[in-house]
Amino acid sequence: MIRKDFQTTTRSARRDNRRFERSGEQAATPRAPRPRTFLFATSEQWQWSVLAGTAAAALAAPFYLQVSPWIGAAIAIMGILACHMAFTFGSFPAWPHLVAIFAGIQMVLMAWLGWYYPANSEKDIGQRTGIYLAYAGPCWIVFVFGWFAALAKLPVKGTDEKDRDPGPSLATWRFLDTCIVAGIGCQILGQSFDISALQFALVLFANLRFVGGAGWLMLRGRGWRWRVGSLLCLEIALSARTTMFGDLAMWSLALLPLYLYRSRLRPRAAFALLLLCCVAFVAMDSAKMRFRETAENGDVEPISLFGLHLRQAGMARPVVWLLYVADATLRTVTFQLSDREISHLVERQNHGWVVNQVMLRVPQLEPYAKGETIWIALASAAMPRFLAADKYRAGGEYFERFTGMSLMDPETGERSTSMNLGFSGEFYANFGKLGGILASGLFGLLSGLTLRWFYRKSFRSVLWLGFFPFVFLWGMKAEEGIGEMLNWLVKASFIVAAVVWVSPVRQELAMGRSIKKQRPRQSRPKPARQ
């Protein structure tokens, strides 16, 4: 008995000695210090990014110097942003990069492309391209600097810290699936019934399906691929039915940074994905043009693409649209788009002609608003419609006022389309050229601070990052007005607060602690009475 106890004690002591030696070896070999970074990139990565952006601007110089030097500055900054995104997508979600790059495409590059492929007479800037870019170029640059200034000195969240998120409990998975199911239900309800009083609320609640999908993607739960894929397929089907593809494009771009943030891709793969997004930006516009023309003409003849013969009707509509996208993608990368397709791209995606119309009208025919539209936007966002029935309505009121162009259908007397001035056009209408540039920088700063708040919250639970695109979706579009952006942001924030408050995972989101699984109590057997 004594010998057996001695052997057990000896073995225990040996194990303790081995642990002590291992801990001593680990303490003797200090960890390599992390390299110093600025905005999540090292000095070497910044050097490569600046070199790539400068080289891109220099190579394109013969094609833009006759138009405006601001195009070169925009190309250089876009090159820097693209490389910076490829280096830092694993340390920080790349929403600022995508927002800045696609805003630059709409505000600067499309105006440059319109110089060579002019649109129709109303939307052709023509010889005023240089005058417009002298305002839009600085607007976009300070907008980008404002975004990234708000993100300065944020701590880097390493891969090990991302994986150390409070453990997803069964309640977490149920909460995410409830968001998906409830969102799809609200989407079907809004598409099936015309409930004007609740239409905006149904749109917001329907977007909760993407919050659930983003949560599955961030936590990498088993089955996240088919859930996110099913959401995108459903969005393609509904977009093909309504011929409105804006939400599909926006949510695809909104989910991409989350996928990159949780992936282990190489910088080259991330850069290739960004190029693919730019190609899809062009291809989707061409596919949308062909798809809508066929739908409006009521053609019933089969469409032949890639050896397939399909009619654009019924269940085949999403397939036909995907074939259009594939065909346009192939012709985009091989530079075989027709002049008509390029002119349509300029007409639809060039936001410069709207701002140019504002610059022609204000203040010569319409005085500066001097902040009027901003104050109205703040008041309208704070008040619900049932308390202020006559408050500002989105759809084109400011567009008609500051451009002098009517959106009314002469037959019905109602607005046939909805258009906005965008942040650059609305700031010019309020404050003029210099004031509009400074206001654009402040708008970028406030946008970045919004993302900064969600990112710091994500240190407690990565689920917070899934709420950011839900709240800031319309802020990602350069063509939206300030009133529409603020109204969406405020109403979506209320919904997030309500969902977090009533959800079973509020403790995990608010305090960073996972919900402990309660074990069923085991009843002890009562002692038998004697």
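Look up: the structure comes first, before these words.
Cut-offs used in this document
Residues numbered from 1 in each chain as written. Predicted model: local features only at pLDDT ≥ 70, side-chain atom pairs only at ≥ 80, totals over all residues. Heavy atoms only, no water. Helix = DSSP H or I, 4+ residues; strand = E, 2+ residues; numbered from the N terminus. Buried < 20%, exposed > 50% of the residue type's maximum accessible area, 1.4 Å probe, protein only. Contact = heavy atoms within 4.5 Å. Salt bridge = Lys/Arg side-chain N within 4 Å of Asp/Glu carboxyl O. Patch = residues over 30% accessible without salt bridge, like charges linked within 9 Å, V, L, I, M, F, W, Y side chains within 5 Å. Areas by Shrake-Rupley, 256 points an atom, 1.4 Å probe, with all protein chains shown as cover. Disulfide = S-S within 2.5 Å. Phe/Tyr/Trp six-rings, centres within 6.5 Å; stacked < 30°, edge-to-face > 60°. Axes fitted to C-alpha atoms, helices over the stretch in contact; angles between N-to-C directions. Nonpolar A, V, L, I, M, F, W, Y, C, P; charged D, E, K, R; others polar.

Once that is clear, we can look at the overall build of the protein. Across its full length, the protein carries 22 helices and two strands. Expressed as a percentage of its 530 residues, the buried residues of the protein come to 48%. Of the contacts formed within the protein by residues at least 6 apart in sequence, a portion of 74% connects residues at least 24 apart.

In total, this model carries 10 salt bridges according to the counting rule given. The closest approach of N and O atoms between Asp-327 and Arg-290, which form a salt bridge, is 2.7 Å. Pair noted here: Asp-327 is in helix H14 (residues 317–333) and Arg-290 is in helix H13 (residues 267–297), with a separation of 37 residues, a long-range link. For Asp-327, a relative accessible area of 15% translates into the label buried. Given the relative accessible area of 22%, Arg-290 is considered partly exposed. Linking Glu-293 and Arg-340 is a salt bridge whose minimum nitrogen-to-oxygen distance equals 2.2 Å. Of this pair, Glu-293 sits in helix H13 while Arg-340 sits in helix H15 (residues 339–349), and the two are 47 residues apart along the sequence. The class for Glu-293 is partly exposed, based on a relative accessible area of 30%.

Moving on, we get to unusual backbone geometry. For the bond from Val-362 to Pro-363, the omega torsion is 0°, close enough to zero to count as cis. When you line up the elements, Pro-363 lands in the loop between helix H16 (352–361) and helix H17 (372–382). Not every positive phi belongs to a glycine, and Leu-39 is a case in point at roughly 55°. Of note, Leu-39 is situated in the loop between helix H1 (2–28) and helix H2 (43–59). Take Leu-39: its relative accessible area is 12%, and that puts it in the buried class.

Together, Trp-48, Leu-51 and Phe-87 make up an exposed nonpolar region whose accessible area comes to about 320 Å². When you line up the elements, Phe-87 lands in helix H4 (residues 69–88).

Counting across every chain of the model gives zero disulfides. Cysteine Cys-277 remains unbridged, with the sulfur of Cys-278 as its closest cysteine sulfur at 6.9 Å. Taking the relative accessible area as the measure of exposure, Cys-277 reaches 17% and is therefore buried.

What follows is about the packing of aromatic side chains. Two measures describe an aromatic ring pair: the distance that separates the ring centres and the angle between the ring planes. For the coordinates displayed, the defined rule picks out 32 aromatic pairs. Taking the centre distance of 6.2 Å and the plane angle of 40° together, the rings of Phe-38 and Trp-46 count as tilted. The class for Phe-38 is exposed, based on a relative accessible area of 51%. Ring plane angle 70° and centroid distance 5.2 Å describe the contact between Tyr-135 and Tyr-428, whose orientation is recorded as edge-to-face. Of the two residues, Tyr-135 is situated in helix H6 (residues 129–149) and Tyr-428 in helix H19 (residues 422–457); the sequence distance between them amounts to 293 residues.

Turning next to the packing of helix H5 (residues 95–116) against helix H12 (residues 246–262). Relative placement of two packed helices is described by the angle separating their axes and the distance separating the axes. It is the contact of H5 with H12, at a shortest axis distance of 9 Å, that shows an interaxial angle of 145°. Contacts between H5 and H12 involve Trp-95, Leu-98 and Phe-102 from the first element and Leu-253, Ala-254, Leu-256, Pro-257 and Leu-258 from the second. For the contact of H5 with H12, the residue count by class is eight nonpolar, no polar and no charged.

The next subject is the environment of His-84. Structurally, His-84 can be placed in helix H4. It is 9.2 Å that separates the C-alpha atoms of His-84 and Val-50, two residues lying 34 residues apart in sequence. For His-84, the contacting residues outside a window of four places in its chain are Leu-39, Ala-41, Trp-46, Ser-49, His-97 and Phe-148.

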